Each structure stands twice: as C-alpha cells, then as structure tokens.
Amino acid sequence: MNTEHYKEKLETEKQTLEAQLQSIAQPSEETPGDWEAKGAGLDVDAADQNERADAVEEYETNIATLKDLELRYREVKDALERINTATYGTCSVCGETISEERLLANPAASTCSAHMNE
C-alpha cells in the first residue's frame, strides 16, 4: 500500500488539531502529552456575576471540546506512528487489511469495518 497520500492527509489534520487545541487549551504541566482547558482569563475579583458565569460556561465548553480534540489527535498521531512502523492499514483486532474505502473515509482508522466499534 502506498501510504504517502494518507501520511499527507494525517499530517495536515494533525496540524489543524494542534491549532484547535492551542486555541482552547494548554499543554499539561503534570501530564506530558495531555492538555488542560484554558479559562477565560478573567479577573474574577473585579468581574460581575454575569462575566463570571460567562467565564465558567466558556471553560466548561472548552473542556467538552478538548476531550473530542484530544481523542482525535491521539488517533491521528497513532496512525502516523503505524505508517512509520509499516503497520498502517492493518486491523489491530484481526490483522486483516483495512479497506481502501475505510481509510479514505477515516485515514486514522485502526480497525477494519468489521471491528470498527471495538
């Protein structure tokens, strides 16, 4: 399998995900490789009640979005690693080849269609 096309798509998606992550989070100091949602950067003591509520809402939204972005970011990084180790395109459950159709739809797929929910 020629993986160059998939590698380019995955690298592009990785860059996009990194930019999105940086807009709502910062790298975790406690857990390398993880991210922490950013707050609103609001001076809570000087803020009124509505501003504090908006800041909390923004933080909660960032946390929810962060989880989805982190999951996809890890999937993309794992797929790039599989390309580097020549295991890309092989189902991690059964060892069969992942269909071209599935990889076109999701270049980060690690399983074949039969095992996509595992």
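Here the residue index of a chain counts from 1 through its sequence in written order. In view of the model being predicted, local features appear only for residues whose pLDDT reaches at least 70, and side-chain atom pairs are presented and counted only at 80 or more, with totals across whole chains, interfaces and linings using the full set of residues. The basis for every side-chain value is the complete set of heavy atoms in the structure, and neither hydrogens nor water enter the calculation.

Enquirer: Before we move on, could you go through a negative patch on the surface and cite the residues and values that matter?
Expert: Patches here: salt-bridge-free residues with over 30% relative accessible area, like charges joined within 9 Å, nonpolar side chains (Val, Leu, Ile, Met, Phe, Trp, Tyr) joined within 5 Å. Computed with the Shrake-Rupley method and a 1.4 Å probe, the accessible areas treat only the protein chains shown as cover for residues. Any Lys or Arg side-chain nitrogen found within 4 Å of a carboxyl oxygen on Asp or Glu counts as a salt bridge. Charge counting treats Lys and Arg as positive and Asp and Glu as negative, with His and both chain ends excluded. Charged side chains are reduced to one point each, which is NZ for Lys, CZ for Arg, CG for Asp and CD for Glu. On the surface, Asp48, Glu51, Asp54, Glu57, Glu58 and Glu60 cluster together to form a negatively charged patch. Each helix is a run of DSSP H or I of at least 4 residues and each strand a run of E of at least 2, with the numbering of both proceeding from the N terminus. Note that Glu51 resides in helix α2 (residues 49-84).

Enquirer: Now, about the pattern of salt bridges: what can you tell me, with residues and values included?
Expert: Applying the stated criterion across every chain yields a total of five salt bridges. In this structure, Arg72 engages Glu13 in a salt bridge whose closest nitrogen and oxygen atoms are separated by 2.7 Å. Note that Arg72 is positioned in helix α2 and Glu13 in helix α1 (residues 4-24), a separation of 59 residues in sequence. The partner of Lys14 in a salt bridge is Glu18, with the nearest N and O atoms 4.0 Å apart. Within this pair, Lys14 and its partner Glu18 are both found in helix α1, separated by four residues, close to a single helical turn.

Enquirer: Give me the packing of α1 against α2: which residues, what numbers.
Expert: Angles here are taken between N-to-C directions and fall from 0 to 180 degrees, while the axes themselves are lines fitted to C-alpha atoms, restricted in helices to the stretch in contact. Between α1 and α2, the least distance of the axes is 9 Å, while the angle of their chain directions is 150°. When the axes of α1 and α2 are compared, the pair comes out roughly antiparallel. As α1 packs across α2, the resulting crossing turns out to be left-handed. The residue classification treats Ala, Val, Leu, Ile, Met, Phe, Trp, Tyr, Cys and Pro as nonpolar and Asp, Glu, Lys and Arg as charged. All others, Gly included, are polar. By residue class, the composition of the contact of α1 with α2 is twelve nonpolar, four polar and eight charged. Comment on the angle field: the value is read as roughly parallel under 35 degrees, roughly antiparallel over 145, roughly perpendicular from 65 to 115, and oblique elsewhere. Should the near helix be turned anticlockwise from the far one by less than a right angle, the crossing is left-handed, and should it be turned clockwise, the crossing is right-handed.

Enquirer: Explain α2 to me, using residue names and the numbers behind them.
Expert: Counted at 1.5 Å a residue, the expected span for α2 with its 36 residues is 52 Å, and the 52 Å between its end C-alpha atoms agrees. When accessible area is computed with a 1.4 Å probe and restricted to protein chains, residues below 20% of their type maximum are described as buried, those above 50% as exposed, and intermediate ones as partly exposed. Taken together, the buried positions of α2 are occupied by Ala55, Asn62, Leu66, Leu69, Glu70, Arg72, Tyr73, Val76, Ala79, Leu80, Arg82 and Ile83. Contacts made by the buried residues of α2 are with α1, β1 (25-27) and β2 (35-37). At the exit of α2 stands Ala86, carrying a positive phi of roughly 60°. Any helix carries an expected span of 1.5 Å times its number of residues minus one. It only takes one pair of heavy atoms within 4.5 Å for two residues to be counted as in contact.

Enquirer: Residue-level account of unusual backbone geometry, with values.
Expert: The phi angle at Ala86 is positive, at roughly 60°, despite the residue not being glycine. Within the secondary structure, Ala86 is located in the loop between α2 and α3 (100-105). By relative accessible area, Ala86 is classed as exposed at 71%.

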